[in-house]
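Chain by chain, the residues run as shown.
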Amino acid sequence: MSSIHEECGLFGIYAPENCDVAGATYYGLFALQHRGQESCGIVVCNDGLFRYHKDVGLVGDVFTPRIMNDLGEGNMAVGHVRYSTTGEPQRRNAQPIVVNHIKGHMALAHNGNLVNSFELRSELEMQGSIFHSTSDSEVIAYVITKERLSCGSIEEAVFRSMDRLDGAYSLVVMSPTKLIAARDRHGFRPLCIGQCSDGCFIVASESCAVEAVGGQFIRDIRPGEVLVIDKNGMRSIYDESKAVPQSLCVFEYVYFARPDSFIDGYSVHDARRRAGAFLAQDSPVEADVVIGVPDSGISAALGYAEESGIPYGIGFIKNKYIGRTFIAPGQAHREDRVKIKLNPVSATVKGKRVVMIDDSIVRGTTMAQIVKLLRDAGAKEIHVRSSAPPFLNPCYYGTDIDSRDKLIACKYTVDEICRIIGADSLAYLDTKHVAEIADPSLGICHACFSGEYPTKEPGPHPKHRFEVRLSDRDKEDDA
């Protein structure tokens, strides 16, 4: 509920023989809709022939019965739901990306954000490449295609490309005969593999999508691993000599992932409950009820209630027919949507001292509105607790915070923020607990809190750096 943004959700399926892979992908994308609600797409492979449809909108709106019928059956499919971190939310940037080259077809879906996309795209354009979208995902597609022209297989091309791609990328790639999954060597974004009883293999951003189509979770794909699925089964390509310390984005546990998912072997729900328990230990307060802001604040609220002994209550009813607040680009849209997205339960909060748990505070405007909703519902006191530390640094790996100028914690003290949002008290999760909410042995990226980046920081390239205006093109032509 904090106005943070994350990029995408991926889904892929390989079936032993032709079946309704489009339908399975449809349901898989439904399970991943929380990861991106700007656009979506499905590509189906039937005996090497690709059929696809993608557009701006939610899965249920974009894929009508007629379109699903037109996609037909096949033995493989790749699907994608998107929130933009590079490139405007337009149809041309919807994924999966389909490439036709001299050695065949390729469909690619990407979750993450490259830190060297500007340099790579500039190099490719100077070599004559023509880009049809403004996302860094097309840069990845071109890099893989270029490698494919000089090597013997698509999986080798993907593996070679990893030496050139810097930053966060979980990929699902489909050729006419193979389904390939790959995860960057830092493991910033999640990706897992599962299997159904009929022999179908499933690749997905989260385990909840595997379960949504009746599959059984097998394991997470390792950072730096390329997984290949074809008629001979599943095999792995991995070079341990190129391994680096893992840096899974902490916000997969705090906010992005569904609570029923397991990310890199640990329950998202349990991680959030632990964050809530740490908050109760470090920032106690006398109160009558603990509530959570749906959906990602609920598990943390349960953890706070259990640790503190303060009863848990349902504080808000969420309109489930409205997407996550951050999906509407632009602050004015976010503020309008908060008003109709949440409704406080006055029977829970009226006349009460309320502890309200949310996942984080980024800009502060959304939190101020939520606090006002509780005030208007009759809450006597409102004590805000954030299950994440203060945001102090931009993220370059797929969380859409590209400037310190947008971060309220960079401008004000905790007491000042408390007054700005209208709360009676405010406390954040202590940074020391970030690595403790999940498996302590798991490498976590917390650069947005600490400023310790796992990769070299990119240059000052804005989010929409590939959105060249016509006037800019004219200047270049005249130069």
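Residues numbered from 1 in each chain as written. Predicted model: local features only at pLDDT ≥ 70, side-chain atom pairs only at ≥ 80, totals over all residues. Heavy atoms only, no water.

Engineer: Explanation requested: the overall build of the chain in the structure shown.
Structural biologist: Scanning the chain from terminus to terminus reveals 16 helices and 23 strands. Considering the chain as a whole, with its 479 residues, one finds that 61% of them fall into the buried category. Within the chain, contacts between residues at least 6 apart in sequence are counted, and of these 70% link residues at least 24 apart. Looking at the chain as shown, the accessible area adds up to about 18700 Å², and 50% of this sits on carbon and sulfur atoms. (Helix = DSSP H or I, 4+ residues; strand = E, 2+ residues; numbered from the N terminus. Buried < 20%, exposed > 50% of the residue type's maximum accessible area, 1.4 Å probe, protein only. Contact = heavy atoms within 4.5 Å. Areas by Shrake-Rupley, 256 points an atom, 1.4 Å probe, with all protein chains shown as cover.)

Engineer: I keep staring at helix 9 (residues 268-282) and nothing clicks. Help me out?
Structural biologist: The α-helix winds at 3.6 residues per turn, so residues separated by three or four positions along the chain end up facing the same way. Between its first and last C-alpha atoms helix 9 spans 21 Å; for 15 residues at 1.5 Å apiece the expected length is 21 Å, and the two agree. Restricting attention to buried positions, one finds in helix 9 the residues Val 268, Ala 271, Arg 272, Ala 275, Gly 276, Ala 277, Phe 278, Leu 279 and Ala 280. Between the side-chain oxygen of the N-cap and the backbone nitrogen of His 269 there are 3.3 Å, and the N-cap of helix 9 in question is Ser 267. (Expected span 1.5 Å × (residues − 1). Polar contact = N/O pair within 3.5 Å; in protein donor to acceptor, adjacent residues only side chain to side chain.)

Engineer: Hey, could you run me through the sheet that holds strand 8 (residues 179-183) in this one?
Structural biologist: Two pairing modes exist for strands in a sheet, parallel and antiparallel, and in both the strands are linked by backbone hydrogen bonds. What the six strands build is an open sheet, ordered 5-6-7-8-12-13; its pairing is antiparallel. Here the strands that pair on one side only, and so sit at the sheet edges, are strand 5 (97-101) and strand 13 (233-237). Strand-to-strand twist in this sheet, taken as the mean axis angle between neighbours without regard to direction, amounts to 20°. In this structure, strand 8 lies alongside strand 12 (residues 226-230), joined through four bridges in antiparallel fashion. Each residue of the ladder has a partner; that of Leu 179, found in strand 12, is Ile 229. Running over the sheet, helix 5 (residues 136-148) touches strand 5, strand 6 (104-114) and strand 7 (167-174) and is turned about 135° from strand 6. (Pairing = 2+ DSSP bridges. Axes fitted to C-alpha atoms, helices over the stretch in contact; angles between N-to-C directions.)

Engineer: In this structure, what is going on with the sheet that holds strand 3 (residues 49-56)? I would like to understand it.
Structural biologist: Spatial ordering of the open sheet is given by 3-2-4-1-10-9-11, a layout of seven strands whose pairing is antiparallel. The strands lining the two open edges of the sheet, one partner per strand, are strand 3 and strand 11 (216-220). In this sheet, neighbouring strand axes are inclined to one another by 15° on average, regardless of whether the strands run parallel or antiparallel. Its contacts with the sheet place helix 1 (residues 21-31) against strand 1 (8-19), strand 2 (39-46) and strand 4 (74-82), and it is angled at close to 25° to strand 4.

Engineer: What's the story with the packing of helix 9 against helix 10 (residues 296-308) in this structure? I'm lost.
Structural biologist: Where helix 9 contacts helix 10, the axes come no closer than 6 Å and their chain directions differ by 45°. Taken together, the axis directions place helix 9 and helix 10 in an arrangement best described as oblique. Seen along the crossing, helix 9 lies across helix 10 with a hand that is right-handed. Across the interface between the two elements, His 269, Arg 272, Arg 273, Gly 276, Ala 277, Leu 279, Ala 280 and Gln 281 of helix 9 pack against Ser 296, Ser 299, Ala 300, Leu 302, Gly 303, Tyr 304, Glu 306, Glu 307 and Ser 308 of helix 10. Class assignment for the residues of the contact of helix 9 with helix 10 results in six nonpolar, seven polar and four charged. (Parallel < 35°, antiparallel > 145°, perpendicular 65-115°, else oblique. Left-handed = near helix turned anticlockwise from the far one by under 90°. Nonpolar A, V, L, I, M, F, W, Y, C, P; charged D, E, K, R; others polar.)

Engineer: Would you take a moment to explain the pairing of strand 12 for this structure?
Structural biologist: One face of the sheet, then the other: side chains in a regular strand alternate in exactly this way. Within strand 12, five of the five residues are buried, which leaves it mostly tucked inside the rest of the structure. Neither face of strand 12 is left uncovered, since the one carrying Val 226, Val 228 and Asp 230 and the one carrying Leu 227 and Ile 229 both have all their residues buried. The pairing of strand 12 with strand 13 spans five bridges and is classified as antiparallel. By the bridge assignment for strand 13, Ile 229 is matched with Met 234. Connecting the antiparallel pair strand 12 and strand 13 is a turn made up of two residues.

Engineer: Would you mind going over the packing of helix 4 (residues 117-126) against helix 5 with me for this structure?
Structural biologist: Pairs of packed helices are described in terms of their axes, by the angle between the two and the distance that separates them. Contact geometry for helix 4 and helix 5: axes closest at 10 Å, N-to-C directions at 55°. Here helix 4 is positioned oblique relative to helix 5, judged by the angle of their axes. Taken as a pair, helix 4 and helix 5 cross one another with a handedness that is left-handed. Residues Ser 117, Leu 120, Arg 121, Glu 123 and Leu 124 of helix 4 pack against Asp 136, Val 139, Tyr 142, Val 143 and Lys 146 of helix 5. Class assignment for the residues of the contact of helix 4 with helix 5 results in five nonpolar, one polar and four charged.

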